[in-house]
Amino acid sequence: MSETIWVNKLPTRTWNRLGVNEAPLLWDEDRTYDLGETTVAAGEEPVRLDIAGQGDYSRQSVHIDAPENARIDVFETLRPEGRLHLRTSIRAGKSAHVRLVQLYTGKAGALLRSEIEGTCAENARIELIQILPGRGDVYSDARIDLNGDDASFSARKVFRGTIDFKTGSAGSVGTEKETVLMLGENAVNKTVPLILCAEENVEGNHGATIGEMDDETAFYFESRGIDRETAENLLSRAAIERLARLVGDEQLEQTALSALDEEA
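Read on for a plain summary of the structure. Note that the structure is a prediction, hence the values are computed from the model and not measured. (Residues numbered from 1 in each chain as written. Predicted model: local features only at pLDDT ≥ 70, side-chain atom pairs only at ≥ 80, totals over all residues. Heavy atoms only, no water.)

What to know about the nonpolar core
What counts, and what does not: Definition used in this section: a nonpolar core is a set of buried Ala, Val, Leu, Ile, Met, Phe, Trp, Tyr and Cys residues joined via side-chain atoms within 4.5 Å. Buried means the residue's accessible area, taken with a 1.4 Å probe over protein chains only, is under 20% of the maximum for its type, while exposed means over 50%, and partly exposed covers the values in between. Numbering goes from the N terminus for both helices and strands, where a helix is a DSSP run of H or I of at least four residues and a strand is a run of E of at least two. Contact criterion: two residues are considered in contact whenever any of their non-hydrogen atoms come within 4.5 Å of each other.
Core analysis: the largest hydrophobic core is formed by 28 residues, its most contacted members being Ile64 and Val74. Broken down by element, the residue count for this core peaks at four residues, all from strand 7 (residues 83–92). Once residues within four sequence positions are removed from consideration, Ile64 is found in contact with Val40, Ile72, Val74, Thr88, Ser89, Ile90, Arg91, Val98 and Leu100. Within the second largest apolar cluster, ten residues are counted, among which are Leu103, Ile131, Leu243 and Leu252.

Structural notes on the pattern of salt bridges
What counts, and what does not: Whenever Lys or Arg places a side-chain nitrogen within 4 Å of a carboxyl oxygen from Asp or Glu, that contact is recorded as a salt bridge.
On inspection of all chains with the given rule, the structure shows 15 salt bridges. Here Arg99 and Asp73 are joined by a salt bridge, their closest N and O atoms 3.0 Å apart. A residue pair is termed long-range when its members are at least 10 positions apart, and Arg99 in strand 8 (residues 97–104) and Asp73 in strand 6 (residues 71–78) qualify at 26 residues. With respect to burial, Arg99 and Asp73 carry one shared label: buried. Linking Glu253 and Arg245 is a salt bridge whose minimum nitrogen-to-oxygen distance equals 3.4 Å. The class of Arg245 is partly exposed, set by a relative accessible area of 45%.

As for the packing of helix 1 (residues 215–222) against helix 2 (residues 228–246)
Heads up, the rule is: Think of each axis as a best-fit line through the C-alpha atoms, taken over the contacting stretch in the case of a helix, with angles from 0 to 180 degrees between the N-to-C directions. Here the word oblique covers every angle except those under 35 degrees (roughly parallel), over 145 (roughly antiparallel) and from 65 to 115 (roughly perpendicular). Lys, Arg, Asp and Glu make up the charged group, whereas Ala, Val, Leu, Ile, Met, Phe, Trp, Tyr, Cys and Pro make up the nonpolar group; the residues left over, Gly among them, are polar.
Contact pair helix 1 / helix 2: the axes reach a minimum separation of 10 Å and the direction vectors enclose 110°. Judged on the interaxial angle alone, helix 2 and helix 1 are roughly perpendicular. Taking contact as the criterion, the partners of Thr217, Ala218 and Phe221 in helix 1 are, on helix 2, Arg228, Ala231, Leu234 and Leu235. Here the residues of the contact of helix 1 with helix 2 are counted per class, giving five nonpolar, one polar and one charged.

Some details on the environment of Glu222
Position of Glu222 relative to the elements: it lies in helix 1. Look at Glu222 and you get partly exposed, because its relative accessible area is 47%. With 23 residues separating them in the primary sequence, Glu222 and Glu199 have C-alpha atoms 52 Å apart.

Focus on the environment of Tyr104
The cut-off we apply is this: Whenever two N or O atoms come within 3.5 Å, that pair is a polar contact, provided that in protein one can donate a hydrogen and the other can accept it, and provided that, for residues adjacent in sequence, both atoms are side-chain atoms.
Note on placement: Tyr104 falls in strand 8. At 2.5 Å, the side chain of Tyr104 and the backbone oxygen of Arg135 are in polar contact.

Considering helix 2
Operational definition: Any helix carries an expected span of 1.5 Å times its number of residues minus one.
Under the 1.5 Å per step criterion, the end-to-end length of helix 2 is 27 Å for 19 residues, consistent within 8% with the ideal 27 Å. Within the span of helix 2, buried status applies to Ala231, Glu232, Glu241, Leu243 and Ala244. For helix 2, the capping residue at the N-terminal end is Asp227, with a side-chain oxygen 3.2 Å from the backbone nitrogen of Glu229.

Purely geometric numbers; function is a separate question.
Here it is in structure tokens:
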């Protein structure tokens, strides 16, 4: 039996009429196939996980445990044909560094629900990079608790972002920024940069850059015999290629670029 699950919930509701507070997702729990759990510990890196799913609905859990001073890199390649719910939990101990890279290459009709949660101790760092060139629908939800001085979390993706300065977080700095290139007349974007504050002496910054290809850029391409559609494809591909190279892993980079070639 299908039920509605509300994902990407903002901690404080805002502008109800815009429909930006959460996203509804239909899910059939009775038909969900449990793919089991995978635990990643220090000393096994880099770890590569290829998750395809099974049947119409499937669920996979991944636990990443980085003890004090450890460094763990995890590369998740996600290629479902049906609906895949991926739960990734991260624990970064004192001065640990965890980098999670997700590459989604789903086909038309696929759906990914990526649910990430983590805790970051003193001087620890969690880094999230998501590359999503596949088709289908993607619901991505990440919550990271920074529980110590100089703990940090960085994410590179288009996101509904919230910085929550809780009591006891004096001296903290948080920044969220979104850059969106709108391609096509039917493209719709809703940006909700949200900062919550229950503490003094904190620094919170948010901003967004959203727009279409400007006339000057379009003229530059046209003067060189490149039409607008081709120019838009070049710009969007360049953005994904830049993110893929940022990962610093040749194998995953080639997988991402191959996925782009299939979509071309």
